[in-house]
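Take a look at the letters that make up each chain.
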Amino acid sequence: MSETHDVVWTPEKIAATWDFFSEHRAGSTWYFSSHAGRWIVERADRELSLRGKRILDFGCGRGDLLAHLVTRDLAARGLEFSEESARTTSERFAGEPLVQGIAAGPSELEDESFDVVFLVEVIEHLLDDQIPQVLTEVRRLLAPGGHVVVTCPNGEDLGAERVRCPDCGAAFHPYQHVRSFDPGSISALFEQHRFHTDRAEGVYWGLTPYAVVRTWLRNPGRMPRPHLLFIGRR
């Protein structure tokens, strides 16, 4: 039996993982933005008044958040590094005028060309050397006073979520999460990269207070953990 060892993630392994998900889970509500995107867009609209803003979904994946923006008649552009996901998203929105294209990298986009950048379920996947690159690019793309809207798991126990490959013994997070944040640590990270914190808090996306209480009653002493929302300003 192979010894257990941690996966050493590389950009190539990450791209291959998400290309696989894009190909084999197309049309699935497995993607976070598919089922939570509606609530994220509604909250961002309430906080930032998105109408008339230049919007970018950074790491747009299959385009689920873009679909929720389109539903609210909001124009936006996507950026996606995974070739397979970018292709899928371009095909999905072919002929949709509110989706203003899918960029393959930040270099395709001009400085200060957006008022709002969404970074939804992206930050927890980034490698150490990718964090400063991505946040520097987000800040470059934002106009002065523009906002970044970030979501990610809140205080996730990465070790408790690991799975092990029965063939090779590699242990890894099933959704390729490599880091965990809480309101304090995510604020510190973005402030280190010259953003101002407007909001950092736990949010129950789409859950009413009744649903939260019902979950607690069914699982005594185990409240569902809220997700993490960060809104930063350039």
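## Details of helix α3 (residues 64–71)
α3 sits mainly inside the fold: seven of its eight residues count as buried. Of the residues making up α3, those classed as buried are Asp64, Leu65, Leu66, Ala67, His68, Leu69 and Val70. The inward-facing, buried residues of α3 abut α2 (32–48), β2 (55–58), β3 (76–79), α4 (83–92), β4 (99–103) and β5 (114–120). Residue Asp73 follows α3 closely and has a positive phi angle near 60°.

## Some details on the pairing of strand β6 (residues 142–152)
Side chains on a regular strand alternate between the two faces of the sheet. With respect to burial, β6 is a largely interior element, nine of its eleven residues being buried. Where β5 and β6 come together, six bridges link them in parallel fashion. Paired with Val116 across the bridge in β6 is His147. The parallel pair β5 and β6, bridged by helix α5 (residues 130–141), forms a crossover whose chirality is right-handed. Relative to strand β10 (residues 227–233), β6 runs antiparallel, the two sharing six bridges. The residue bridging Val150 from the neighbouring strand is Phe230, located in β10.

About the criteria used
Residues numbered from 1 in each chain as written. Predicted model: local features only at pLDDT ≥ 70, side-chain atom pairs only at ≥ 80, totals over all residues. Heavy atoms only, no water. Buried < 20%, exposed > 50% of the residue type's maximum accessible area, 1.4 Å probe, protein only. Helix = DSSP H or I, 4+ residues; strand = E, 2+ residues; numbered from the N terminus. Contact = heavy atoms within 4.5 Å. Pairing = 2+ DSSP bridges. Right-handed = clockwise from strand over helix to strand, strands pointing away.

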